[in-house]
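What the coordinates show
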Amino acid sequence: MLVLARKIDESIVIGENIVVKIISLENGVVKLGIDAPKEISIIRNELIEEIKESNKAASLEEINEDDIASLNKILGK
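Okay, so let's go over this structure. This structure is a prediction, so every number in the text was calculated from the model and none was measured. (Residues numbered from 1 in each chain as written. Predicted model: local features only at pLDDT ≥ 70, side-chain atom pairs only at ≥ 80, totals over all residues. Heavy atoms only, no water.)

**A look at the environment of Lys-56**
How we decide: Counting from the N terminus, the helices are the DSSP runs of H or I reaching at least four residues and the strands are the DSSP runs of E reaching at least two. The rule is simple: take the accessible area with a 1.4 Å probe, protein chains only, and divide by the maximum for that residue type; under 20% is buried, over 50% is exposed, in between is partly exposed.
Mapped onto the elements, Lys-56 comes out in helix 1 (residues 45–60). Note on Lys-56: relative accessible area 48%, which makes it partly exposed. Note: C-alpha distance between Lys-56 and Ile-18 (38 residues apart in sequence) is 32 Å.

Structural data, given as structure tokens:
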């Protein structure tokens, strides 16, 4: 892991087309601005973990045959 010290309004460049800029420091919170191409996905790590946990919980739920029948009816199958 590369660790860098930056001040407000200073930036780092990742690759050739991603710029991360320090916007502000308030009450121990760093606000970042990220300039990247639209095809680059940027998501907070805690959201990824939340999605993983939701998917895991959903995969452990029992399948209700009535729910499947209702979905098939809605989908016209």
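**Things to note about the pattern of salt bridges**
Going by this rule: A side-chain nitrogen of Lys or Arg and a carboxyl oxygen of Asp or Glu constitute a salt bridge if their distance falls within 4 Å.
Considering all chains together, one arrives at five salt bridges under this definition. Between Arg-44 and Glu-46 there is a salt bridge, with its nearest N and O atoms 2.9 Å apart. Glu-46 sits in the partly exposed class, given a relative accessible area of 46%. Of the charged contacts, one joins Lys-56 and Glu-53 as a salt bridge, the two residues approaching to 3.9 Å between their closest N and O atoms. Here Glu-53 and Lys-56 lie together in helix 1, a separation of three residues that amounts to about one turn.

**With respect to the side chain of Ser-24**
Filter applied, for reference: Contacts: residue pairs with any heavy atoms within 4.5 Å of one another.
Within the fold, Ser-24 resides in strand 2 (residues 18–26). Among residues more than four places away in sequence, those in contact with Ser-24 are Ile-8, Val-29, Val-30 and Lys-31.

**Looking at the pairing of strand 2**
Side-chain positions along a regular strand alternate between the two faces of the sheet. Applied cut-off: Strand pairing follows a simple DSSP-based rule, namely that at least 2 bridges must link the two strands.
Two strands pair when backbone bridges link them, and strand 1 (residues 11–14) and strand 2 are joined in this way by four bridges, in the antiparallel orientation. In the strand pairing of strand 2, Val-13 is matched with Val-19. Adjacent in sequence and paired antiparallel, strand 1 and strand 2 are bridged by three residues, among which Gly-15 carries a positive phi angle near 65°. In this sheet, strand 3 (residues 29–35) lies alongside strand 2 in antiparallel orientation, the contact comprising seven bridges. Opposite Val-19, over in strand 3, you have Asp-35 as the bridge partner.

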